Amino acid sequence: IVTNNPITSAQVVLRAQADVWAALEAQDIVVTADLRGLPPGTYTVDLNITFTTFSRIVLEDWLPRQITVSIDRAAEVLVPINADVRSTPQTGFEIAGITFSAQEARVTGPASQVERVVSADVRLNLADERNPFTRNYRLYAMNEQGQTVPGVTLTPDNIDVTVDIQPRENFREVFVTPNIIGEPASGYVVFA
């Protein structure tokens, strides 16, 4: 697969008779770069110009004459799906369990990038959560150092995640009602 973004258009200078010129359209001119048989690496490849329907055309010039192409072999691997809990529930609540709608994700792309992926992570921010829930989350391809790996495709790229949040057994939430004695100093007010 091509891993860089080579240009996708070229300027072509032609000479043709008036009747051919009038009928000529952009799709009649084909610009190709032959990558057959090239192993992974970066190459400068010549561009070739051909015409699909007309034979009475003289090719004068074209730009660019060459493009630079980076090639890598395509790869595919299955990786486990993990929960990356970025913040835990509030004090008094705990995560009783996390389940996913899928257990593995398929990673596809250039072999040099696919080989770096060790997991597909779901990023969970649970600081404001107090009840069990199920939501759809995006997956991120991660390397061993916990960094996102670019240039790969995950299938599925989103999954449903069920997080079971429960109150802690040894914790009880109570409301405190202060017993205010006296009046505040002049210029101050008590808000209840």
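So, how was this worked out
- Residues numbered from 1 in each chain as written.
- Predicted model: local features only at pLDDT ≥ 70, side-chain atom pairs only at ≥ 80, totals over all residues.
- Heavy atoms only, no water.
- Helix = DSSP H or I, 4+ residues; strand = E, 2+ residues; numbered from the N terminus.
- Rg over C-alpha atoms; globule rule 2.2 N^0.38 Å.
- Buried < 20%, exposed > 50% of the residue type's maximum accessible area, 1.4 Å probe, protein only.
- Contact = heavy atoms within 4.5 Å.
- Core = buried A, V, L, I, M, F, W, Y, C linked by side-chain atoms within 4.5 Å.
- Pairing = 2+ DSSP bridges.
- Axes fitted to C-alpha atoms, helices over the stretch in contact; angles between N-to-C directions.
- 1 Å grid on protein atoms, 1.4 Å probe; cavity = no way out; pocket = protein on both sides within 12 Å on 5 of 7 lines; lining within 4 Å.
- Points joined across faces, edges and corners; volume = space filled by probe spheres on them.
- Nonpolar A, V, L, I, M, F, W, Y, C, P; charged D, E, K, R; others polar.
- Phe/Tyr/Trp six-rings, centres within 6.5 Å; stacked < 30°, edge-to-face > 60°.
- Lys NZ or Arg CZ within 6 Å of the ring centre and 35° of its normal.
- Lys, Arg positive; Asp, Glu negative; His and termini not counted.
- Salt bridge = Lys/Arg side-chain N within 4 Å of Asp/Glu carboxyl O.
- Polar contact = N/O pair within 3.5 Å; in protein donor to acceptor, adjacent residues only side chain to side chain.

**Student:** Please set out the overall build of the protein residue by residue, giving values where relevant.
**Tutor:** From N to C terminus, the protein includes 2 helices and 12 strands. The C-alpha radius of gyration of the protein comes to 31 Å, more than 25% above the 16 Å expected for a compact globule of 192 residues. Once the C-alpha set of the protein is aligned to its principal axes, its extents read approximately 105 × 50 × 25 Å. Looking at the protein residue by residue over its 192 residues, the buried ones come to 27%. Across the protein, the fraction of contacts at a sequence separation of at least 24, relative to all contacts at a separation of at least 6, is 71%.

**Student:** Hey, could you go over the nonpolar core for me, with residue numbers and the actual values?
**Tutor:** Formed by 26 residues in total, the largest nonpolar core has its most connected members in Ile-81, Val-122, Leu-139, Ile-159 and Val-161. Where this core is concerned, the elements lending two or more residues are strand S6 (74-87), strand S7 (93-100), strand S8 (104-110), helix H2 (111-114), strand S9 (119-125), strand S10 (133-142) and strand S12 (158-167). Every residue in contact with Val-161, bar those within four places of it in the chain, is listed here: Ile-98, Thr-99, Phe-100, Val-122, Leu-124, Phe-133, Thr-134, Arg-135 and Tyr-137. Counting 7 residues, the second largest nonpolar core, distinct from the first, contains Leu-47, Ile-49, Ile-67 and Val-69.

**Student:** An account of the environment of Gln-90 is requested, with residue identities and associated values reported.
**Tutor:** Summarising the element assignment, Gln-90 is placed in the loop between S6 and S7. Take Gln-90: its relative accessible area is 32%, and that puts it in the partly exposed class. As a C-alpha pair, Gln-90 and Ala-127 span 37 residues in sequence and 5.7 Å in three-dimensional space. Aside from chain neighbours lying at most four places away, what touches Gln-90 is Ala-127, Asp-128, Glu-129 and Arg-130.

**Student:** Before we move on, could you go through the sheet that holds strand S3 (residues 41-51) and cite the residues and values that matter?
**Tutor:** Paired through backbone hydrogen bonds, the strands of a sheet run either parallel or antiparallel to each other. Strand order in the open sheet formed by 3 strands is S2-S3-S5, with antiparallel pairing between adjacent strands. One side of each edge strand has no neighbouring strand; the edge strands of this open sheet are strand S2 (29-33) and strand S5 (66-71). For this sheet, the mean inter-axis angle between neighbouring strands, taken without regard to orientation, is 35°. As paired strands, S2 and S3 are joined by 5 bridges and run antiparallel to one another. If you follow Thr-32 over to S3, its bridge partner there is Asn-48.

**Student:** Report on the layout of surface pockets, specifying residues and quantitative values.
**Tutor:** The space that makes up the largest pocket amounts to roughly 160 Å³. Along the walls of the largest pocket sit Ile-7, Thr-8, Ser-9, Ala-10, Val-31, Thr-32, Ala-33, Leu-47 and Ile-67, which together make up its complete lining. Here the lining of the largest pocket takes 3 residues from S2, the largest share from any one element. Across the lining of the largest pocket, the residue classes tally to 6 nonpolar, 3 polar and no charged.

**Student:** Describe the packing of aromatic side chains, and please don't skip the residues or the numbers.
**Tutor:** Applying the stated criterion across every chain yields a total of 0 aromatic pairs. Positioned over the ring face of Trp-62 is Arg-65, at 3.9 Å from the centre of the ring. For Arg-135, the ring lying beneath its charged end belongs to Phe-133, and the centroid distance is 4.0 Å.

**Student:** Before we move on, can you summarise the side chain of Asp-121 with the specific residues and values?
**Tutor:** With respect to the helices and strands, the residue Asp-121 is situated in strand S9. Although Asp-121 is buried, it forms no salt bridge, and the closest oppositely charged side chain is Arg-123 at an N-O distance of 6.7 Å. For Asp-121, the side chain forms a polar contact with the side chain of Ser-119, separated by 2.8 Å. With sequence-adjacent residues up to four places away left out, Asp-121 is seen in contact with Asn-82, Asp-84, Arg-138, Leu-139, Tyr-140 and Met-142.

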